[in-house]
Amino acid sequence: MKALLALSRAIDTLNDRIGRAVYWLVLVAVLISAGNAIVRKAFDMSSNAYLEIQWYLFSAVFLLCAGYTLLKNEHIRIDVIAGRFSRRTQTWIDVLGTIFFLLPLVALILYESVPWFLRTWQSQEVSPSAGGLILWPAKILLPIGFSLLGLQGLSELIKRIAFLQGLIPDPGEKQVAKTAEEELAEEILRARGDKA
Amino acid sequence: MTAFLIANMAPLMFAALVVFLLLGYPVAFALAANGIVFGLLGIELGLLSPALFGALPERIWGVMSNDTLLAVPFFTFMGLILERSGMAEDLLETIGQLFGAVRGGLAYAVVFVGALLAATTGVVAASVISMGLISLPIMLRYGYDRRFAAGTIAASGTLAQIIPPSLVLIIMADQLGRSVGDMYAGAFIPGIILAGLYASYTLLVSFVKPTWVPALPPEARTMREPDGTTGNRSLLVLFVLSTVVAIAVWHLYYNPYKPEAGTDVRLVVCVSAGTAVAFLAAVVNKLTGMGLLSRLAERVVFVLIPPLALIFLVLGTIFLGVATPTEGGAMGALGALVMAVGRRRLNWKLLRQSMDTTAKLTTFVVFILIGARVFSLTFYGVEGHKWVEHLLSALPGGQMGFLIVVNILVFVLAFFLDFFELAFIIIPLLAPVADKLGIDLIWFGVLLAVNMQTSFMHPPFGFALFYLRSVAPAKEYTDKVTGKRMAPVTTGQIYWGAVPYVVIQLIMVSLVIAFPQMVMVYKDDAPINDPSKVEIQIPSNYTPRDPVAPGKDGAVPGPAADPLEQAIQDQENADKAGDALQDDFKQN
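The structure contained in this document is the topic of the report that follows.

Reading guide: rules and limits
- Positions within a chain are numbered from 1, following the residues in the order the chain's sequence is written.
- A letter from A marks each chain and a number from 1 marks each ligand, given out in the order of writing.
- Restriction of local features to residues with pLDDT of at least 70 applies here, the model being predicted, together with a cutoff of 80 or more for giving and counting side-chain atom pairs; totals for whole chains, interfaces and linings are based on all residues.
- For side-chain calculations, the full set of non-hydrogen atoms in the structure is used, while hydrogens and water are omitted.
- The helix count covers DSSP runs of H or I at least four residues long, the strand count covers runs of E at least two residues long, and both are numbered beginning at the N terminus.
- Relative accessibility decides the category of a residue: with a 1.4 Å probe and only protein chains considered, values under 20% of the type maximum give buried, values over 50% give exposed, and everything between is partly exposed.
- The contact criterion used is simple: two residues touch if any of their non-hydrogen atoms lie within 4.5 Å.
- Using the Shrake-Rupley algorithm and a 1.4 Å probe, accessible areas are obtained, with residue cover drawn only from the displayed protein chains.
- The globule rule used here is 2.2 Å times the number of residues to the 0.38 power, and the radius of gyration it is set against is calculated over C-alpha atoms.
- Only buried Ala, Val, Leu, Ile, Met, Phe, Trp, Tyr and Cys residues count toward a nonpolar core, and they belong to the same one when joined by side-chain atoms within 4.5 Å.
- Axis lines are fitted through C-alpha atoms, for helices just across the contact stretch, and the angle between N-to-C directions can take any value from 0 to 180 degrees.
- By definition, any crossing whose near helix is turned counterclockwise from its far helix by less than a right angle is left-handed, and any crossing with a clockwise turn is right-handed.
- Residues are sorted three ways: Asp, Glu, Lys and Arg are charged, Ala, Val, Leu, Ile, Met, Phe, Trp, Tyr, Cys and Pro are nonpolar, and all the rest, Gly among them, are polar.
- Points on a 1 Å grid, built from protein atoms alone, make a cavity when a 1.4 Å probe fits but cannot get out and make a pocket when they are open with protein on both sides within 12 Å along at least 5 of 7 lines; residues with an atom within 4 Å of a point are the lining residues.
- Grid points are joined across faces, edges and corners, and a volume is the space filled by probe spheres set on the points.
- Aromatic contacts are taken between Phe, Tyr and Trp rings whose centres are within 6.5 Å, Trp giving its six-membered ring; a plane angle under 30 degrees counts as stacked, one over 60 as edge-to-face, and the others as tilted.
- Buried area is understood as the total, over both parts, of accessible area removed when two parts are fitted together, assessed with a 1.4 Å probe.
- In what follows, salt bridge is the name for a side-chain nitrogen of Lys or Arg lying within 4 Å of a carboxyl oxygen of Asp or Glu.
- For the purposes of these results, a polar contact is taken to be a pair of N or O atoms within 3.5 Å, where, inside protein, one atom must be able to donate a hydrogen and its partner to accept one; residues adjacent in sequence count only when each atom of the pair is a side-chain atom.
- Candidate patch residues must exceed 30% relative accessible area and have no salt bridge, after which like charges are joined if within 9 Å and Val, Leu, Ile, Met, Phe, Trp or Tyr side chains if within 5 Å.
- Take the residue count of a helix, subtract one, and multiply by 1.5 Å to get its expected span.
- The angle between axes fitted to the seven residues ending at a residue and the seven residues starting there is what we call the bend at that residue.
- As used here, the arc is the angular range of directions from the helix axis to the C-beta atoms.

Regarding the overall build of chain B
Step number 1: Check the secondary structure of chain B and you find 26 helices and two strands.
Step number 2: A total of 588 residues make up chain B; the buried ones form 60% of that total.
Step number 3: Long-range contacts, defined as pairs at least 24 residues apart, comprise 76% of the intrachain contacts of chain B with a sequence gap of at least 6.
Step number 4: Of the roughly 22000 Å² that chain B leaves accessible, carbon and sulfur atoms contribute 69%.

Here's the deal with the overall build of chain A
Step number 1: Counting its regular elements, chain A contains nine helices and zero strands.
Step number 2: When its helices and strands are written in sequence order, chain A yields α-α-α-α-α-α-α-α-α.
Step number 3: The C-alpha atoms of chain A give a radius of gyration of 21 Å, which is well past the 16 Å a tight globule of 196 residues would have.
Step number 4: Viewed in the frame of its principal axes, chain A has a C-alpha envelope of about 60 × 60 × 30 Å.
Step number 5: Contacts in chain A between residues at least 24 apart in sequence constitute 73% of all its contacts with a sequence separation of at least 6.
Step number 6: Of the accessible surface of chain A, which amounts to about 9500 Å², a share of 65% is contributed by carbon and sulfur atoms.

A few points about the nonpolar core
Step number 1: Judged by nonpolar contacts, the single largest core of 241 residues is most densely connected at Phe146 of chain A together with Phe29, Phe77 and Phe444 of chain B.
Step number 2: The biggest single contributor to this core is helix H16 (residues 348-381) of chain B, with 16 residues.
Step number 3: Dropping the residues within four chain positions of it, Phe444 of chain B is found in contact with Leu176, Phe402, Leu403, Val406, Leu430, Ala431, Ala434 and Ile439 of chain B.
Step number 4: Listed in part, the six residues of the second largest apolar core include Ala246, Val249, Ala261 and Val265 of chain B.

Focus: the environment of Glu187 of chain A
Step number 1: One can find Glu187 of chain A in helix H9 (residues 180-195).
Step number 2: Residue class for Glu187 of chain A comes out buried when judged on its relative accessible area of 15%.
Step number 3: Look past the residues within four positions of Glu187 of chain A in its chain and what remains in contact with it is Arg84 and Arg345 of chain B.

Quick word on unusual backbone geometry
One can expect most non-glycine residues to show negative phi and most peptide bonds to be in trans.
Step number 1: The omega angle of the peptide bond from Pro164 of chain B to Pro165 of chain B is 0°, so this bond is cis rather than trans.
Step number 2: Residue position: Pro165 of chain B is located in the loop between helix H9 (146-158) and helix H10 (167-176).
Step number 3: One non-glycine residue with positive phi stands out, namely Asn73 of chain A, at about 55°.
Step number 4: With respect to the helices and strands, Asn73 of chain A occurs in the loop between helix H4 (66-71) and helix H5 (79-82).
Step number 5: Notably, Glu383 of chain B is not glycine yet its phi reads approximately 65°, a positive angle.
Step number 6: Take Glu383 of chain B: its relative accessible area is 39%, and that puts it in the partly exposed class.

Remarks on the packing of helix H18 (residues 398-413) of chain B against helix H20 (residues 441-452) of chain B
Residues and elements named next belong to chain B.
Step number 1: Packing of H18 against H20 leaves a shortest axis separation of 9 Å and a crossing angle of 30°. Crossing of H18 against H20: the hand is right-handed. Contact residues: Gln399, Phe402, Leu403, Val406, Asn407, Val410 and Phe411 in H18; Trp443, Phe444, Leu447, Leu448, Asn451 and Met452 in H20.
Step number 2: Taken together, the residues of the contact of H18 with H20 break down into ten nonpolar, three polar and no charged.

Examining empty space enclosed by the protein
Step number 1: Using the criterion set out here, one finds seven cavities of 30 Å³ or more in the structure.
Step number 2: When its volume is computed, the second largest cavity comes out at roughly 100 Å³.
Step number 3: Lining the second largest cavity are Leu70, Asn73, Arg77, Asp94, Thr98, Leu102, Gly153, Glu156 and Arg160 of chain A together with Tyr25 and Pro26 of chain B.

A word on the packing of aromatic side chains
Step number 1: Counted according to the given criterion, the structure contains 28 aromatic pairs over all chains.
Step number 2: Taken together through their ring pairs, the aromatic side chains of Phe58, Phe62, Phe101 and Phe146 of chain A together with Phe20, Tyr25, Phe29 and Phe367 of chain B make up a single cluster.

Some points on the interface of chain B and chain A
Step number 1: Opposite the 79 residues of chain B that make contact, chain A presents 71 residues.
Step number 2: When chain B packs against chain A, close to 6800 Å² is buried across both sides, 75% of that on carbon and sulfur atoms.
Step number 3: Linking chain B to chain A there are four salt bridges.
Step number 4: Measuring nitrogen to oxygen at the nearest pair gives 2.7 Å for the salt bridge that ties Glu327 of chain B to Arg40 of chain A.
Step number 5: Run the count over chain B and chain A and you get nine residue pairs in polar contact (both at pLDDT 80 or more).
Step number 6: When residues of the side of chain B that touches chain A are assigned to their parent elements, the largest contribution, 19 residues, is made by H16 of chain B.
Step number 7: Taken together, the residues of the side of chain B that touches chain A sort by class into 52 nonpolar, twelve polar and 15 charged.

Let's talk about a nonpolar patch on the surface
Step number 1: A surface patch of nonpolar side chains, amounting to about 610 Å² of accessible area, comprises Met1, Leu4, Leu7, Leu14, Leu151, Leu154, Ile161 and Leu167 of chain A.
Step number 2: Mapped onto the nonpolar patch, the elements with two or more residues apiece are helix H1 (2-22) and helix H8 (141-164) of chain A.

Points about helix H11 (residues 180-208) of chain B
Note on helix geometry: an α-helix contains 3.6 residues per turn, so any two residues three or four positions apart are oriented the same way.
Step number 1: Over its 29 residues, H11 of chain B extends 41 Å from the first C-alpha to the last, a length consistent with the 42 Å expected when each residue adds 1.5 Å.
Step number 2: For H11 of chain B, the principal kink sits at Phe188 of chain B and spans about 30°; a proline, Pro190 of chain B, occurs within the next four residues.

Topic: the pattern of salt bridges
Residues and elements named next belong to chain A.
Step number 1: This model, assessed by the stated rule, comprises 20 salt bridges over all chains.
Step number 2: One salt bridge connects Arg160 with Asp94, and the closest N-O pair in it is separated by 2.9 Å. You can see Arg160 sitting in helix H8 and its partner Asp94 sitting in helix H6 (residues 87-123), a full 66 residues away along the chain.
Step number 3: The buried category is assigned to Asp94, whose relative accessible area is 6%.
Step number 4: Between Glu156 and Lys159 there is a salt bridge, with the nearest N and O atoms lying 3.1 Å from each other.

Some remarks on helix H21 (residues 463-471) of chain B
Step number 1: Buried within H21 of chain B we find Ala464, Leu465, Tyr467, Leu468 and Val471 of chain B. When H21 of chain B is viewed along its axis, its buried side chains cluster within an angular range of 165° and face the same direction.

As structure tokens, then:
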């Protein structure tokens, strides 16, 4: 179990680093899209490459952050009923859900998407629109993203089993120190405290 | 047993979905797993082709290359930056001062600012938190009824869901296969009317229960002229002047020179002209120190300019047809960044936090969509859409019967599900039926959006109530200004306060059903640069939504001889609401 927990920590670190690096692409996409819109209107010129790079970046964000979002426990759940279960029951649901829901999905997508990506890579296929980008860098995101998701699923599975055995504290607690909403509330209070 | 399974795959699959979702495992994966389990079962029973799942990469590719969804991270990021820029606080304070002296004035201020914030940020949590921290203590201090104050704040925060640019409308447009611009244009007037209904409720209360909504005492109005007058007259003059300019542009420019311009284009330009005049006057006044305007008037103009400028930058450009909604979102995000820098509120921590939240929100939203597409691949394969259609089209009363049943269904589901779950699971099932009955899909979408807004207000799971609870005083406290001990706001008061607004929401749903014209205005004013408009103006004429990307959803190309292959092709085509209908045309 010790070795497994070390593996889980390594996966957590990997996805955390990737998540923190990849979220900068949000800003890059905003700047490219706004810049492209301004240039398109002001100088009446545009290229499909700029339009396509936007959704490449968008895809990179949600696929590469899939594992990160799972790590942070931010994939939404319906907890109307499940919220009333005990923590142990909820952890059991997570264990079984990971084994029977998440990992089969990851396996299936990897099985289907790797050959799908390889075909595009071998043919060096380019987007059909004029000035379009080469396709494989976008297509490879799918197997990579789901691999990261699968790895994180594995890590969550290890952590939850360890919790059920009483080896570690509850991993299901949200890991962020403060939510964005709490930060906002604090900032408003601070600003008002200054004034009063 | 096998025969039973084969005959009832769709209902069984739907029942299993409910169980899977209620287990509390993340929705995205529960949805996908449901699709996989029943897909394998279907293949085993010979209902589905073994090549079924080969279509998955292309289906996810369709989500990746979707320009509409790109607007989701942009508007989210914009909202997150904006909520921390201090704009909401300034607005609430100044508008509260302005309206405070009237009976019910603070409540009008909350509704008005709620609507303004809705048209810029579109984040329910941020609006509710700002109003809960700034307006609620003042309302309590001067003796507002606690339930009324809490309900008004929670409800006004949810206006962000229906007034463009809301995420709800983007996703609704995507799921209905319509353009986001049309959705925005269609939702605009109902959104304003809804805010008007909230204000009318305050008006009603101020007559029926005047003690619930007292006017602020004179000493509470801190923004005064040196001579002690309120400065209202100066503001009134400025307001009249701006209105005259706006009306003049409408009548003296548009009527004679551009009579063909649509209502929303005119509205954008006229309001901008009026605002520009007020802004100019305030700037001149400030620079020259002439004292032409009262302090109040100057202040009101300056706090209203940033939100109005952002509204113009985002909604104005979209309605004028200058920008696509995606570009509007990016411009808005850039504008919010500039504003946060200007107000010295932007720092690395805030920037990183906003990107982090945006990335996570985008991921979970898109993954629900991916899960829903894995689900629908199998669900359409076992003819689930026909089953739903059969169930719903057999309802008595045609269009009206369908709308009433669907709205009751969504209203009830909104107690348990949040908006994203409703939009991705329920809408794709309902849309083809609605379309077959000849219901305009934009109208249908706006109607459901108004209805789903209640999911934020339903006790005990409504998010708006939850956020208000987190910032409303939960313990007895001492008021900073009066020094009096104040009772806490109880959870029961928050819940009961929301009830009248849920009723108003239902009234609004019936109004939208009774007067579709308020949505249909989207048809008069097609922005020029949106090619999809041409198709949309002819109802029930289907063309693929995104003709640019060939093969996006056609993973199984070519004519298919065997019925199984045909079924797969159908599922592929049937994925989008509109295309499902086309299928039925082919077969009938």
